[in-house]
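Results of the structural survey
Chain by chain, the residues:
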Amino acid sequence: MDAQTAGKTARTLELLHSLAYFVPETEKELVGVGLEPGRMVYFAGRSAPLGAPPATVVTAIFFNFNPELIASVIPRAWELARPTEVVAARYRAIDAAYVRLFGADMTGSADMAEAAELVSIAAQNIPGVDGRPLYAGWASLDWPTEPHLRFWHALTLLREYRGDGHIAALQTAGLNGLDALITHTATGIGFQRKFAQTRRGWSQEQWDEAVESLKDRELLDRSSGALTEDGQELRDVVEDLTDDLALAPWDALGEEGAKRLLELATPWRTALVEQEVFPAALFGPRFGKLR
């Protein structure tokens, strides 16, 4: 399998992992173990497999969030709930959300079991934890036994493995977290600008200063703020390198295995979009071209 095909497969399946950040079950379960609603649920829920990391570590591995935003809830979250409790609550939330969104018949179906087996082959062939801290945390957890939870767990391992590599690619390209967020938004395939800025906790002044810096570097157009030719080329290099760094597990699954996985899982992904699980501002104007 080539890296571009592997990357497209990963992006197609992404929503079946990232629903965890938007379904109401997540907040319900994590608040139930002591966390405060809102941003604490996200930061603690995603970083809990690392133990009880300080704000600086979460900032480093999450990359494009304002450090002040993270410090407002981490490490206080670990005073309210033990990381092991947060992890268990996360899986209860996924269990409930998958059953609600897809139905008990589907989550317990032969198709789900087959999909879980296929994506597990890929996840179990991730080469190792070198330079992949967030993946390493999730990889330390026991695998669930229920097929739909194994499916989500495997997708999460692949997502965080790819994400760790993406950060390495961004740093290689000379983009810090805020630069990465702004230029990704400018591609039209990710967050809409206001959503990106507010969700990641950046002030208007911080955003504007970073935009001006990117214009000075000739990565953004001076008048329109769109990516310049150099800016688009840099983003293309980042995405290609990200695909290369994430290839190994998908190569182990193979083209036929990946094709079958997409046949099984794409209708579930479509169902999430149709049920409006995700806020519209999550998707840029070019998002549909990646489907």
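The residue numbers shown here count from 1 along each chain, following its written sequence. Residues qualify for local features only when their pLDDT is at least 70, as the model is predicted, and side-chain atom pairs are given and counted only at 80 or more; totals for whole chains, interfaces and linings, by contrast, use all residues. Remark: hydrogens and water are excluded; side-chain values derive from all non-hydrogen atoms of the structure.

What about the overall build of the protein?
Along its length, the protein carries 16 helices and zero strands. Relative to the 2.2 N^0.38 estimate, which gives 19 Å for 291 residues, the radius of gyration of the protein is 19 Å and therefore close to what a compact globule would have. In terms of overall dimensions, the protein has a C-alpha envelope of 55 × 45 × 35 Å along the principal axes. Residue contacts are counted whenever heavy atoms from the two residues lie within 4.5 Å of one another. Residue pairs at least 24 apart in sequence account for 76% of intrachain contacts in the protein once pairs closer than 6 positions are excluded. On the protein, roughly 12,900 Å² of surface is accessible, and the fraction owed to carbon and sulfur atoms is 51%. Within this scheme the basic residues Lys and Arg register as positive and the acidic residues Asp and Glu register as negative, but His and the chain ends are omitted. Charge positions come from single atoms, namely NZ of Lys, CZ of Arg, CG of Asp or CD of Glu. Taking the average place of the 28 positive charges on the side chains of the protein and the average place of its 41 negative ones, the gap between the two points comes to 4 Å. Helix and strand definitions follow DSSP, with helices as H or I runs of at least four residues and strands as E runs of at least two, each counted in order from the N terminus. Radius of gyration means the value over C-alpha atoms here, while the globule rule gives 2.2 Å times the residue count to the 0.38 power. Only the protein chains shown count as cover for residues, and the accessible areas themselves come from Shrake-Rupley with a 1.4 Å probe.

Things to note about the side chain of R235
Examined against the element boundaries, R235 turns out to sit in helix 15 (residues 229-245). Burial classification: accessible surface area is computed with a 1.4 Å probe over protein chains only, and a residue below 20% of its type maximum counts as buried, one above 50% as exposed, and the rest as partly exposed. Classification of R235 by relative accessible area gives buried; the value is 3%. Apart from the residues lying within four places of it in its own chain, the contact partners of R235 are H166, L170, L175, A180, T183, H184, T187 and L227.

Comments concerning the environment of A88
Mapping A88 onto the fold places it in helix 7 (residues 83-102). What makes A88 partly exposed here is its relative accessible area of 34%. For the pair A88 and Q124, spaced 36 residues apart in sequence, the C-alpha separation works out to 21 Å.

Digging into the side chain of S120
With respect to the helices and strands, the residue S120 is situated in helix 9 (residues 110-123). Residue classification places S120 among the buried residues on the basis of a relative accessible area of 2%. Discounting residues that sit within four places of it in the chain, S120 has contacts with W143, R150 and A154.

Examining the pattern of salt bridges
Any Lys or Arg side-chain nitrogen found within 4 Å of a carboxyl oxygen on Asp or Glu counts as a salt bridge. Per the stated rule, a full pass over the model turns up 16 salt bridges. Where E85 meets R82, a salt bridge forms, and the shortest distance between an N and an O atom there is 2.8 Å. Salt-bridge contacts for R159 lead to E160; the nearest nitrogen and oxygen are separated by 3.8 Å. What emerges from the salt-bridge pattern is a single network uniting E14, R46, R159 and E160.

Re unusual backbone geometry
P75 follows I74 through a cis peptide bond whose omega is 10°. You can see P75 is positioned in the loop between helix 5 (67-71) and helix 6 (77-80). One non-glycine residue, F63, lies in the positive phi region at around 75°. Tracing the sequence through the fold places F63 in the loop between helix 4 (55-62) and helix 5. When its relative accessible area of 15% is taken as the criterion, F63 is described as buried. The phi dihedral of E218 is positive, around 65°, even though this residue is not glycine. Inspection of the secondary structure puts E218 in the loop between helix 14 (204-216) and helix 15.

Describing the packing of aromatic side chains
Here the distance between the centres and the angle between the planes together describe a pair of aromatic rings. By convention, a stacked pair of Phe, Tyr or Trp rings (six-membered ring in the case of Trp) has centres within 6.5 Å and planes under 30 degrees apart, an edge-to-face pair has planes over 60 apart, and any other such pair is tilted. Summed over the entire model, instances satisfying the criterion amount to 17 aromatic pairs. For the pair Y135 and Y161, a centre-to-centre distance of 5.6 Å together with 75° between the ring planes defines the contact as edge-to-face. One end of the pair, Y135, is in helix 10 (residues 133-139); the other, Y161, is in helix 11 (residues 147-172), and 26 residues separate them in sequence. Note on Y161: relative accessible area 5%, which makes it buried. One aromatic cluster in this structure is built from Y21, Y42, F43, F62 and F65. Two limits define a charge over a ring: the Lys NZ or Arg CZ must be within 6 Å of the ring centre, and within 35 degrees of the ring normal. The side chain of R46 reaches across the aromatic face of F62, ending 4.8 Å from its centre. Between R132 and the ring centre of Y161, over which it is positioned, the NZ or CZ distance is 3.8 Å.

Focus on the nonpolar core
The set of buried Ala, Val, Leu, Ile, Met, Phe, Trp, Tyr and Cys residues whose side-chain atoms join them within 4.5 Å is what this entry labels a nonpolar core. Judged by nonpolar contacts, the single largest core of 95 residues is most densely connected at L16, F43, I74, F151 and W250. Once residues within four sequence positions are removed from consideration, W250 is found in contact with M1, A6, T9, A10, L13, A122, L158 and L261.

Focus: helix 1 (residues 3-18)
Take the residue count of a helix, subtract one, and multiply by 1.5 Å to get its expected span. With 16 residues, helix 1 extends 22 Å from end C-alpha to end C-alpha; this agrees with the ideal 22 Å at 1.5 Å per step. The seven residues ending at a residue and the seven starting there each receive a fitted axis; the angle between those axes is the bend at that residue. Along helix 1, the helix axis deviates most sharply at T12, where the bend reaches about 35°. Among the residues of helix 1, A3, A6, G7, T9, A10, T12, L13, L15, L16, H17 and S18 are the ones counted as buried. At its buried positions, helix 1 is contacted by helix 7, helix 11, helix 15 and helix 16 (247-274). The backbone nitrogen of Q4 lies 3.1 Å from a side-chain oxygen of the residue at the head of helix 1, namely D2. Nitrogen and oxygen atoms within 3.5 Å of one another constitute a polar contact, given that in protein one can donate a hydrogen and the other can accept it, and given that sequence-neighbouring residues count only through two side-chain atoms.

These results come straight from atomic positions and should not be treated as a statement about function.
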